[in-house]
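# Residue-level structure breakdown
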Protein chains: 2
Amino acid sequence: MSTKTDIRSVSSHVGETVRIGCWVNNKRSSGKIQFLQLRDGTGYIQGVVVKSEVSEEIWNDAKSLTQESSLYVTGVIREEPRSKSGYEMTVTGIEVLHITEDYPITPKEHGVDFLMDHRHLWLRSTKQRAVMVVRAQIVRAVREFFDTRGFTLMDPPILTPSSAEGTTELFHIKYFDEDAYLTQSGQLYMEAAAMALGKVYSFGPTFRAEKSKTRRHLIEFWMIEPEMAFVELEESLEIQEQFVSYVVQSVLDNCRAELETLERDVSKLEQITGSFPRITYDEAIEFLNNNGFDVPWGEDFGAPHETAIANHYDKPVFITHYPAEIKAFYMKPDPNRPEVVLCADMIAPEGYGEIIGGSQRIDDPKLMEERFEQHNLTSDAYKWYMDLRKYGSVPHSGFGLGLERTVAWICGLDHVRETIPFPRMLYRLYP
Amino acid sequence: MSTKTDIRSVSSHVGETVRIGCWVNNKRSSGKIQFLQLRDGTGYIQGVVVKSEVSEEIWNDAKSLTQESSLYVTGVIREEPRSKSGYEMTVTGIEVLHITEDYPITPKEHGVDFLMDHRHLWLRSTKQRAVMVVRAQIVRAVREFFDTRGFTLMDPPILTPSSAEGTTELFHIKYFDEDAYLTQSGQLYMEAAAMALGKVYSFGPTFRAEKSKTRRHLIEFWMIEPEMAFVELEESLEIQEQFVSYVVQSVLDNCRAELETLERDVSKLEQITGSFPRITYDEAIEFLNNNGFDVPWGEDFGAPHETAIANHYDKPVFITHYPAEIKAFYMKPDPNRPEVVLCADMIAPEGYGEIIGGSQRIDDPKLMEERFEQHNLTSDAYKWYMDLRKYGSVPHSGFGLGLERTVAWICGLDHVRETIPFPRMLYRLYP
Ligand SMILES: [Mg+2]
Ligand SMILES: [Mg+2]
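Procedures and definitions
Residues numbered from 1 in each chain as written. Chains lettered and ligands numbered in written order. Predicted model: local features only at pLDDT ≥ 70, side-chain atom pairs only at ≥ 80, totals over all residues. Heavy atoms only, no water. UniProt positions renumbered as here; feature names shortened; annotations may be inferred. Least-squares fit on C-alpha atoms with pLDDT ≥ 70 in both. Contact = heavy atoms within 4.5 Å. Domains from an automatic or database assignment. Buried area = accessible area lost by both parts, 1.4 Å probe. Salt bridge = Lys/Arg side-chain N within 4 Å of Asp/Glu carboxyl O. Polar contact = N/O pair within 3.5 Å; in protein donor to acceptor, adjacent residues only side chain to side chain. Nonpolar A, V, L, I, M, F, W, Y, C, P; charged D, E, K, R; others polar. Buried < 20%, exposed > 50% of the residue type's maximum accessible area, 1.4 Å probe, protein only. Helix = DSSP H or I, 4+ residues; strand = E, 2+ residues; numbered from the N terminus. Pairing = 2+ DSSP bridges.

- As named in an unreviewed UniProt entry, chain A is Asparagine--tRNA ligase, taken from Saccharibacillus kuerlensis.
- Checking UniProt for chain A, the heading Catalytic activity (unreviewed entry) contains the comment "tRNA(Asn) + L-asparagine + ATP = L-asparaginyl-tRNA(Asn) + AMP + diphosphate + H(+)".
- Comment text from UniProt for chain A, heading Subunit (unreviewed entry), reads "Homodimer."

As structure tokens, this is what we get:
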């Protein structure tokens, strides 16, 4: 009798006969031995079929297997130092489930559009699987970090009556007789949640109807948005650097094989610990203008500016104290210099751009009312948000981390389209 | 110097002076002592202000505090067996942050509509906070269960080109020049993911544009959808009962105080372990017709039927082998009796209804093609789904658990509207 198991667990079955449901990733053969490269989603193992040791039926079944054919394979697990995984299977039985013909993705090169059209199959490839495993580990590490530090998960709504940051980049929905929009950020709701539960975080999909095609943008992407009552900017920055370090180290601890598959230079990731460098917006302007750029004070930074600054450091860098004019209405002005706000963007190294944006929020009810009038937010849809300053206002801070950019950075990918199972981009809604 | 801390951590600061950011939940006073009921989102503590031991300024500051006023309180933590939390603070300093006037939610009774209109403030109440803490613990337990059993998290898309189950209950979105819909279920995508990663699960928001108002329905709700390659119905049922037991026991282990706040009868939850009872659809029909109902074979069950069946058991009950006609097109017919399918619904006890629906999926390419034609799914939007049967089809099963119904059941709530921070219902899009 053989035990049903999966490939990730074969190390506990050395010397035993096991049965594994799997697919053929690849195959080679001499006249007397067939080597089946098998995958089951949890790992990879080579199955060795020796002609002189199996029945003719098994030998022929093995011969019939094509790329992506599915089967139950039975055999004995052996330690095999020459194999990458350290184990191999001597095949003693094959139950063919389905012979695949003309699998569209072959070992030859395919164009990106072709692969994206076949994303549902492309996910089976070794590299795409590795990205998905790293993504899942990042999600797990994010939640571990907050769950073990007194934060409570709160899910803000996806369907919102309106948004605080203009409606041009919002997806509109008819919600029965009302107008609704897909959320771009749960932050305002998370502020309400922080007043109720102290330290909270959200982790869900957000949407931006942006007609731009860059390697850093998706239409549908996931964000982590912590919000913390009684936390001011400096403490928030400390939490952010601990958080990002924790996530990166957790991937290094748990996904070595996947990072190797992705040919990621892990020495770059090993440096992501301790405190991160900080420069003010003013210092960033000075640095840029001393290094071939010409950016007047008051202008926002674009990708080339961020990359130039980030290239100066081995770790993510905080850029703090941006001009109030170019930042969101809810950011708290610096009491010593009200033209800048108590905010910070965290720029990833190696050209991956902004991964976190955050700030201390305005807690003064009067100032918040002024901002509401300046930004024409006086509609009833925001009435509840003003209540947060009217009833027990407290100093508080929060930030948002974009999951897909973080996955791209940690995996060392050129484009965010490979960081999510089914990317949604301009002109890309299928599959 | 006082250490900044939060209320959940006071047990490690007995005898020390600490500083806590908090709100006034309630207050009572004699002429010589004021008792401040303080909350900071992480817990509750009583702050005792003794007139003869503090300055006049502190005494008056304490007097000025109203319900939901915010402050930094400084004081010495003492063990206090008479207090519910076991600790009390002797207040030595008060820094008033904000005096709240006319807080709308008072200890008197309010109507549900009023509370829902003030959901952003209602979340601060002891009972609503308890529900949110239990919800967060359930989410954590769900992820722990799958993360530690070889499942990989995969996030299916929210924006989909079409849906497999008819478009009448779908929210439509103009996706640039295309038509898109909000997902009702990630299942089809999760099947693609399972063929790539073996065992996968998703956990995200789903949407149903249903014009019904019941205590079991939300427009926007969260679903957990595991999908497992090489797993047949029986093994899937075993995973489901282990999963639900794990989640319930994890709440019992971690949220005793919150369950007490909710006055939940925990003896009912303590029984949720081991294997769950199973009856077939046929047996359920017979039971119902012997107990005052009149349900012909072939009809689906409604809430009253589910409740009548569930009341017969102390644990969740599986109803298996429904007629193919009333179930989804992708469910695998029973090879011995093709008019029923290899499926199961899990019905929660105490009248909370169906919390899981699941099945083994059709893996035969020919049969799947027939179903596609019967259900008019031949559009290009489903081409990719047929590929899953065309290339390496394998036996596989999956299920979906509704988070909010599970929260309602575990918390013992009458209505799902209290199970999510900002519920979306018919005529309810605010706040
Ligand atoms: Mg920026
Ligand atoms: Mg049902």
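Text resumes after the structure shown.
### Re the relation of the copies chain B and chain A
- Of the transformation superimposing chain B on chain A, the axial component is 0.0 Å and the angular component is 180 degrees, with the fit at an RMSD of 0.0 Å. Considering both components of the superposition, the chain copies are consistent with a two-fold axis. Identified as the residue of chain B closest to the rotation axis by C-alpha distance is B:Ile173, at 2.9 Å.
- Same-surface contact between copies: 99% of interface residues of chain B are shared with the interface of chain A.

### Section: the domain arrangement of chain A
Residue and element names in this part refer to chain A.
- According to the domain assignment, chain A contains domain 1 (3-98) and domain 2 (119-418).
- In this structure, domain 1 and domain 2 have C-alpha centres spaced 45 Å apart.
- If you look at the interface, domain 1 gives nine residues, while domain 2 gives four residues.
- When domain 1 packs against domain 2, the two sides together hide about 530 Å² of surface, and 34% of this comes from carbon and sulfur.
- Applying the counting rule to domain 1 against domain 2 returns one salt bridge.
- With a shortest N-O distance of 2.8 Å, Glu 68 and Arg 124 are connected by a salt bridge.
- Where domain 1 touches domain 2, the interface holds three residue pairs in polar contact (both at pLDDT 80 or more).
- Residues of the side of domain 1 that touches domain 2, tallied by class, amount to two nonpolar, four polar and three charged.

### A word on the pairing of strand β11 (residues 199-207) of chain A
Residue and element names in this part refer to chain A.
- For β11, the tally of buried residues reaches eight of nine residues, placing the bulk of the element in the interior.
- Bridge count for strand β7 (residues 152-153) against β11 is two bridges, and the pairing is parallel. In the sheet register, Leu 153 faces β11, and the bridge partner there is Tyr 201.
- The sheet contact formed by β11 and strand β12 (residues 220-229) spans nine bridges and is antiparallel. Among the inter-strand pairings, Val 200 is bridged to a residue of β12, identified as Glu 227.

### What about the environment of B:Ile319?
Residue and element names in this part refer to chain B.
- Mapping Ile 319 onto the fold places it in strand β14 (residues 317-320).
- For the pair Ile 319 and Met 346, spaced 27 residues apart in the sequence, the C-alpha separation amounts to 6.5 Å.
- Other than its neighbours up to four places away in sequence, Ile 319 contacts Ile 279, Thr 280, Tyr 281, Ala 284, Phe 301, Ile 309, Cys 343, Ala 344, Asp 345 and Ile 347.

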